[in-house]
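# Tertiary structure, described
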Amino acid sequence: MVTDSIPRPVTGLWFEELAPGLVIHHAIRRTITQADNVAFTTMTMNPAPIHLDADYASSTEFGRPLVNSMLTLALVVGISVHETTMGTTVANLGFRETVFDAPVFPGDTIRVETEVLDARPSGSRPTQGVVTFEHRGYTTNNNTLACRAVRNALMHRRPSP
């Protein structure tokens, strides 16, 4: 039998606090470096030269390397964790929609906001509920929406005292 004797940090919100319409402007921002882009792209076995080859990328319509869109998505969702789901989530249930609205380049700083689109009690788990989040990532250099992702998460209800 495995027991959870190590206390976990809880900075996320409980199911009851995640009402549809709630918008959270996340405090953490992150500048993506070319080193981040190269490490993530090679770690995930993506050989696309648009991310890895500056000479090749200079000949594209963008004129420089693009940040791997999967890195952008991971960063947008990751930035949200501290203020939404840290210690209060059971599981990520999946993504319903992911859209990359504009390119992201090394040197861009990403800021994120999350909106709760829906929240419903779980039909089979009385101590949990399903929340639909929309995470939106913007580049701060020109305040352009770069990435939107709608995902469902299984969240803990607030524990009884």
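A short tour of the structure in this document, coming up. Everything quoted here is computed from the prediction, not taken from an experiment.

## Considerations on the packing of aromatic side chains
The tally for this structure, following the rule as stated, stands at one aromatic pair. The ring of F105 carries R64 above its face, with NZ or CZ at 3.7 Å from the centroid. Above the face of the Y138 ring, R111 is positioned so that its terminal group lies 4.2 Å from the ring centre.

## Considerations on the pairing of strand β4 (residues 109-121)
Inspection of the sheet shows strand β1 (residues 23-25) paired to β4 by three bridges, in the antiparallel sense. When the sheet's bridge partners are listed, H25 is paired in β4 with E113. In the sheet, strand β2 (residues 30-31) pairs with β4 via two bridges, with the strands oriented antiparallel. Paired with R30 across the strands is I110, a residue of β4. Where β4 meets strand β5 (residues 128-139), 11 bridges bridge the pair, whose relative direction is antiparallel. Within β5, the position partnered with R111 by the bridge is Y138. The antiparallel hairpin formed by β4 and β5 contains six residues in its connecting segment.

## Some details on the pattern of salt bridges
If you walk through the whole model with that rule in mind, you get eight salt bridges. Here E17 makes a salt bridge to R158, at a shortest N to O gap of 3.2 Å. Linking E17 in the segment before β1 with R158 in the segment after β6 (144-156), this pair joins segments that are 141 residues apart in sequence. Given a relative accessible area of 32%, E17 falls into the partly exposed group. Between D101 and R148 there is a salt bridge, with the nearest N and O atoms lying 3.0 Å from each other.

Cut-offs applied
- All residue numbers refer to positions counted from 1 along the written sequence of the respective chain.
- Owing to the predicted nature of the model, reporting of local features is limited to residues with pLDDT of at least 70; listing and counting of side-chain atom pairs is limited to 80 or more, with chain, interface and lining totals taken over all residues.
- Computation of side-chain values: all heavy atoms of the structure, hydrogens and water removed.
- Here the aromatic set is Phe, Tyr and Trp, taking the six-membered ring for Trp, and pairing holds for ring centres within 6.5 Å; pairs whose planes are under 30 degrees apart are stacked, those over 60 apart are edge-to-face, and all others are tilted.
- Geometrically, a lysine NZ or arginine CZ counts as sitting over a ring once it is within 6 Å of the ring centre and also within 35 degrees of the ring normal.
- For two strands to count as paired, DSSP must find a minimum of two bridges between them.
- The helix count covers DSSP runs of H or I at least four residues long, the strand count covers runs of E at least two residues long, and both are numbered beginning at the N terminus.
- We define a salt bridge as a side-chain nitrogen of Lys or Arg found within 4 Å of a carboxyl oxygen belonging to Asp or Glu.
- To sort residues, take the accessible area from a 1.4 Å probe on protein chains only and compare it with the maximum for the residue type: under 20% means buried, over 50% means exposed, and anything in between is partly exposed.

It is worth stressing that arrangement in space is one thing and function is another; only the former is reported here.
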